[in-house]
Amino acid sequence: MKIILLGGTKDSTNIIEFIKMNYDAYILTTTTTEYGAKLARESGSDDTIARPLLKDEIIKIILEGEFDVLIDATHPFAEHITQTSATIAEELKMPYIRFERPTTNFENIDTSCIRYVNSFVEAGKLISEEFNQGNVLHFAGANTMEDVLRYVPSERFYPRILKVESSLEKCDALGVDPNHIIPMTGAATAEENIELIEKYDACVMITKESGEIGGVIDKIEAANEKNIAVIMIQRPQIKEVNKKDMVSNLDELDVKLKTFFKK
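Computed from a predicted model, the values in this text were never measured in an experiment.

Examining the sheet that holds strand β11 (residues 229–233)
The strands making up a sheet are joined through hydrogen bonds of the backbone, oriented either antiparallel or parallel. What the six strands build is an open sheet, ordered β6-β11-β10-β7-β8-β9; its pairing is parallel. Both edges of this open sheet fall to β6 (114–117) and β9 (182–183), since each of them pairs with a single strand only. Alignment of strand β8 (residues 157–161) against β9, held across two bridges, turns out to be parallel. Considered in β9, the bridge of Ile161 is made with Pro183.

So this is what it looks like as structure tokens:
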């Protein structure tokens, strides 16, 4: 079986390892960065593409490569590519799986520090209105900075990002001081987050509701320890994805793949 996997997340590397361990399958993984492609190769992906792809490019790759299954394991907030992948699968009438990591289980967690918003524009507005003293830790990726910086001065803004060329260029274009950039190499522990809050005198942090695998609980625990606020952007609901095509763990993925292999 030939699988095209839209990846770039920890979920996608887990999926690659699981499939290669349990199935006779060829996997092509697409990511938006060379770093993501490197992790995919290390996890066992047979081939990788390390750049953003347009819809027509993905269709061409699927048709020319005669792929059997399309798996979308992109980030829960990568709304556009998930909409695109679901549409492609529908147009090509091919098996499709959306791997959607579970939402965070906040049971036994003090969530009183969280302020929920629906967008990064809302996050920026809220900070400008209610958190105008102290610095802002942005734990939500380089692509989301611009909306926040419409309302938050760059001198108060400290983003944790992958230090790849595209992200550094965004910081430069938005006037973010290079000394404010916090290198990211994976999800941080609560202790590491506490150190950052102290080091940068933060009054608030911004994060996505990206699930436990994205380190959300460690961020909340750090915020509680240092008595600062967490502005959490809620996940988008993507109408193009049919519920029956969604899985949220490797066991559910296994069940889906078995139905495809039997065919």
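Here the narrative resumes, following the displayed structure.
Things to note about the packing of helix α1 (residues 10–22) against helix α2 (residues 34–43)
Between α1 and α2, the least distance of the axes is 8 Å, while the angle of their chain directions is 20°. In this view, α1 runs roughly parallel relative to α2, as classed from their interaxial angle. Where α1 crosses over α2, the two elements pack in a sense that is right-handed. Here Thr13, Ile16 and Glu17 of α1 come into contact with α2, specifically with Leu39, Ala40 and Ser43. Across the contact of α1 with α2, the residue classes tally to three nonpolar, two polar and one charged.

Considerations on the nonpolar core
Judged by nonpolar contacts, the single largest core of 25 residues is most densely connected at Ile127, Phe131, Val204, Ile206, Ile231 and Ile233. Elements supplying a minimum of two residues to this core: α5 (120–130), α6 (145–149), β8, β10 (202–208) and β11. In terms of residue count, the dominant contributor to this core is α5 (four residues). Excluding residues that lie within four positions of it along the chain, Phe131 makes contacts with Arg115, Leu126, Arg156, Cys203, Val204, Ala229 and Ile231. If you look at the next biggest cluster of nonpolar residues, it comprises 22 residues, including Cys113, Met205, Ala222 and Ile228.

Notes on the packing of aromatic side chains
On inspection of all chains with the given rule, the structure shows two aromatic pairs. Aromatic side chains Tyr26 and Phe67 sit 6.3 Å apart centroid to centroid with 40° between the ring planes, which places their arrangement in the tilted category. Highlighted residues: Tyr26 in strand β2 (residues 26–31) and Phe67 in the loop between α3 (55–65) and β4 (69–72), separated in sequence by 41 residues. Assessed through its relative accessible area of 31%, Tyr26 is described here as partly exposed. Here the aromatic rings of Tyr158 and Tyr200 are separated by 4.7 Å at their centres, their planes lie at 40°, and the arrangement is tilted. With Tyr158 in strand β8 and Tyr200 in the loop between α8 (190–199) and β10, this pair connects stretches of sequence that are 42 residues apart. Of the two residues, Tyr158 and Tyr200, neither departs from the other in class, the shared state being buried. Of note, Lys2 hangs over the ring of Tyr26, and the distance from its end group to the ring centre comes to 5.3 Å.

Considerations on the side chain of Thr9
Among the structural elements, Thr9 can be located in the loop between β1 (2–6) and α1. Leave out the neighbours within four places in its chain, and Thr9 touches Ala73, Thr74, His75 and Arg101.

Some details on the packing of α8 against helix α9 (residues 216–226)
In the contact formed by α8 and α9, the axes pass within 8 Å of each other and the chain directions differ by 45°. Taken together, the axis directions place α8 and α9 in an arrangement best described as oblique. Both α8 and α9 take part in a crossing whose hand is right-handed. Facing Ala190, Asn193, Ile194, Ile197 and Glu198 of α8, the residues of α9 in contact are Asp218, Lys219, Glu221, Ala222, Ala223, Glu225 and Lys226. Split by residue class, the contact of α8 with α9 holds five nonpolar, one polar and six charged.

Cut-off values and rules
Residues numbered from 1 in each chain as written. Predicted model: local features only at pLDDT ≥ 70, side-chain atom pairs only at ≥ 80, totals over all residues. Heavy atoms only, no water. Pairing = 2+ DSSP bridges. Helix = DSSP H or I, 4+ residues; strand = E, 2+ residues; numbered from the N terminus. Axes fitted to C-alpha atoms, helices over the stretch in contact; angles between N-to-C directions. Parallel < 35°, antiparallel > 145°, perpendicular 65-115°, else oblique. Left-handed = near helix turned anticlockwise from the far one by under 90°. Contact = heavy atoms within 4.5 Å. Nonpolar A, V, L, I, M, F, W, Y, C, P; charged D, E, K, R; others polar. Core = buried A, V, L, I, M, F, W, Y, C linked by side-chain atoms within 4.5 Å. Buried < 20%, exposed > 50% of the residue type's maximum accessible area, 1.4 Å probe, protein only. Phe/Tyr/Trp six-rings, centres within 6.5 Å; stacked < 30°, edge-to-face > 60°. Lys NZ or Arg CZ within 6 Å of the ring centre and 35° of its normal.

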